[in-house]
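One-letter residues, chain by chain:
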Amino acid sequence: MDDKVFKQLQKKFFYVPLAIGWFFVILACLLVFAVTRIQTIIDLENSLLKASTGPYFQADNYVYVVESKNMDPMAYYSQNYFSDEEIQSVIDYVTQKSNPSSSSYSFISNGRRYMCTSRSVWENGEIKTRHTVMECTKSFDFIRLMGVLLVCICLVGMLAIFLFFYYFSNKAIEPVRQSFLRQQELIANASHELKTPLTVARTNLELIASDPNSTVKDNEKWLSSAEYQIARMNTLILDMLELTRYDANKINSSRGEVLLNDVIEGMTLSFEAICYEKSIALEYVADDNIKIYASKTEIEKIVGILLDNAIKYTPQNGKISMTVTKSRRHATIAVTNTGVGIDKEKLQHIFDRFFKVDASHKETSNSFGLGLSIAKSIVDSLKGSIKCESEVDKFTKFTVELPLFNQDLAISLKSKVDSSRQHKNAKS
């Protein structure tokens, strides 16, 4: 998967929502304009109908033109709102319009907008046609202004949607990009890490094969070296499988209510012998009855990684302290060790995969720099957090916060396990 594929994927995240967003903005503006225009026209028609059915409507913006069947004699009525020229223009228009009916129509005369309706009325013993004309320039100007405003609003909305989806299409594709880069990095680093033990093991086997008359005892050194390298490869493969499992959100199905104190106390006791051999003081302090939603294996893995890391970087006669405390919502595990500490530049990469603070013994150490990455993946899957603080030549402290056990959290995480299992079954 190269940049071209990511760009194509980004376009899908961008163009499809953009088209949908633009469609709804245009539709909304058209609907607002249509409703406003229709309502305005209806109000004008109602006013015109009211004025045409009753006696002369005493308002400035009306003109009444009355004509007989033969279009004479003709009379008109209006207020002083119009000039004689405007009135004559209206008279000329409505009397010349063929086949007048009771339905209303609009026209423009002398730069003004009018609406007119024509009705047959009985006046002075004869049937006459009365044209009721209403000047409504302001109402149509309002409709025109509303249309211009809605066009501007539509353009601004479309621009805002364009910028919004352009920005968030990058955000949406970023997790995919990061996941792919992590996989690439994992494969590249794993290939590099596997190369050395494979080379060493092959060299040892070639040395053994070079002397067909040698005994197992003669080749004990080469066999031990090959066995050690195979054990290193096995450790690396298991660690990568662990990381891949959490990356794929394959959450541990054996999770349940765990008494954190008991698990950590047991792990601390198992490390006492190692600390004794290195003359390291191990201190353990914990609150009582701390319950979280996890599996015993996961907690043992986290604590084992942190204690192993602390022992590795604590000098002889140093000190490691572990505290387990409970707050209102979280359980906090803190592992602090004395020692050389970690530089600030390295501290920000401490949870990166294959990152090692001391890379000088990379080829011979059983550590591949995956332990803290695994610990972080487990903590993240438990909806917790992990951080590291350090001062050079003083101390290093890892702090893990995990949410306390509650029924809602248990149901939420359990549903993820079930959905993951169903997805896996559907695939198979």
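In what follows, the accompanying structure is described. Remember, predicted model here, so these are calculated numbers, not experimental data. (Residues numbered from 1 in each chain as written. Predicted model: local features only at pLDDT ≥ 70, side-chain atom pairs only at ≥ 80, totals over all residues. Heavy atoms only, no water.)

### Comments concerning the sheet that holds strand β12 (residues 395-403)
The criterion, for reference: A pair of strands is treated as paired once DSSP finds two or more bridges between them. Here a helix means four or more residues in a row that DSSP labels H or I, a strand means two or more in a row labelled E, and each is numbered from the N terminus. Convention adopted: a line fitted to C-alpha atoms gives each axis, helices being fitted over their contacting stretch, and angles between N-to-C directions are expressed from 0 to 180 degrees. Residue contacts follow a heavy-atom distance rule, with two residues in contact if any of their heavy atoms lie within 4.5 Å.
In space, the five strands of this open sheet follow the order β7-β9-β10-β12-β11, with mixed pairing throughout. Two strands in the sheet have a free side with no partner beyond their single neighbour: β7 (281-286) and β11 (385-391). Averaged over all neighbouring strand pairs, the angle between strand axes comes to 10°, with direction disregarded. Contacts between helix α5 (residues 260-277) and the sheet are confined to β7, β9 (319-326) and β10 (330-338), with β7 contributing the most and set at about 170° to the helix.

### Remarks on the state of the cysteines
Applicable threshold: Cysteine sulfur atoms are paired as a disulfide whenever they come within 2.5 Å of each other. Buried means the residue's accessible area, taken with a 1.4 Å probe over protein chains only, is under 20% of the maximum for its type, while exposed means over 50%, and partly exposed covers the values in between.
Evaluation of the coordinates by the stated rule reveals zero disulfides. Here Cys154 stays unpaired: no disulfide links it, and the sulfur of Cys29, its closest cysteine neighbor, is 4.4 Å away. Classification of Cys154 as buried rests on a relative accessible area of 11%.

### Focus: the pairing of β11
Of the two faces of β11, the one holding Ile386, Cys388 and Ser390 is buried and the one holding Ser385, Lys387, Glu389 and Glu391 is not buried anywhere. Two strands pair when backbone bridges link them, and β11 and β12 are joined in this way by seven bridges, in the antiparallel orientation. Paired with Glu391 across the two strands is Phe395, which belongs to β12. The hairpin turn running from β11 into β12, its antiparallel successor, is three residues long, and Asp393 in that turn takes a positive phi close to 65°.

### Side note on the packing of helix α6 (residues 296-312) against helix α8 (residues 371-381)
To be explicit about the condition: Less than a right angle of anticlockwise turn of the near helix away from the far helix marks a crossing as left-handed, whereas a clockwise turn marks it as right-handed.
Viewed as axis vectors pointing N to C, α6 and α8 meet at an angle of 145°, and their least axial separation amounts to 9 Å. Every pair of crossing elements has a handedness; the one defined by α6 and α8 is left-handed. Counted together, Glu298, Lys301, Ile302, Ile305 and Leu306 of α6 and Gly371, Leu372, Ile374, Ala375, Ile378 and Val379 of α8 form the full contact between these two elements.

### Focus on the packing of aromatic side chains
We count it as follows: Paired rings are identified among Phe, Tyr and Trp, the last through its six-membered ring, by centres lying within 6.5 Å, and are further divided according to the angle between planes into stacked (under 30 degrees), edge-to-face (over 60) and tilted (the rest). Comment: the charge-over-ring label is applied if NZ (Lys) or CZ (Arg) is within 6 Å of the ring centre and within 35 degrees of the ring normal.
Applying the stated criterion across every chain, the model contains 15 aromatic pairs. When the ring of Tyr93 is compared with that of Tyr105, the centres are 6.5 Å apart and the planes differ by 40°; the resulting orientation is tilted. Linking Tyr93 in helix α2 (residues 84-96) with Tyr105 in strand β3 (residues 105-109), this pair joins segments that are twelve residues apart in sequence. Judged by its relative accessible area of 34%, Tyr93 falls in the partly exposed class. Residue Tyr105 is classed as buried on the basis of its relative accessible area of 14%. Centroid distance Tyr93 to Phe107: 4.0 Å. Interplanar angle 15°. Geometry classified as stacked. Here Tyr93, found in helix α2, pairs with Phe107, found in strand β3; they are 14 residues apart in sequence, far enough to count as distant. Taking the relative accessible area as the measure of exposure, Phe107 reaches 4% and is therefore buried. In this structure, Arg113 is placed above the aromatic ring of Phe140, and the distance from its NZ or CZ to the ring centre is 4.6 Å.

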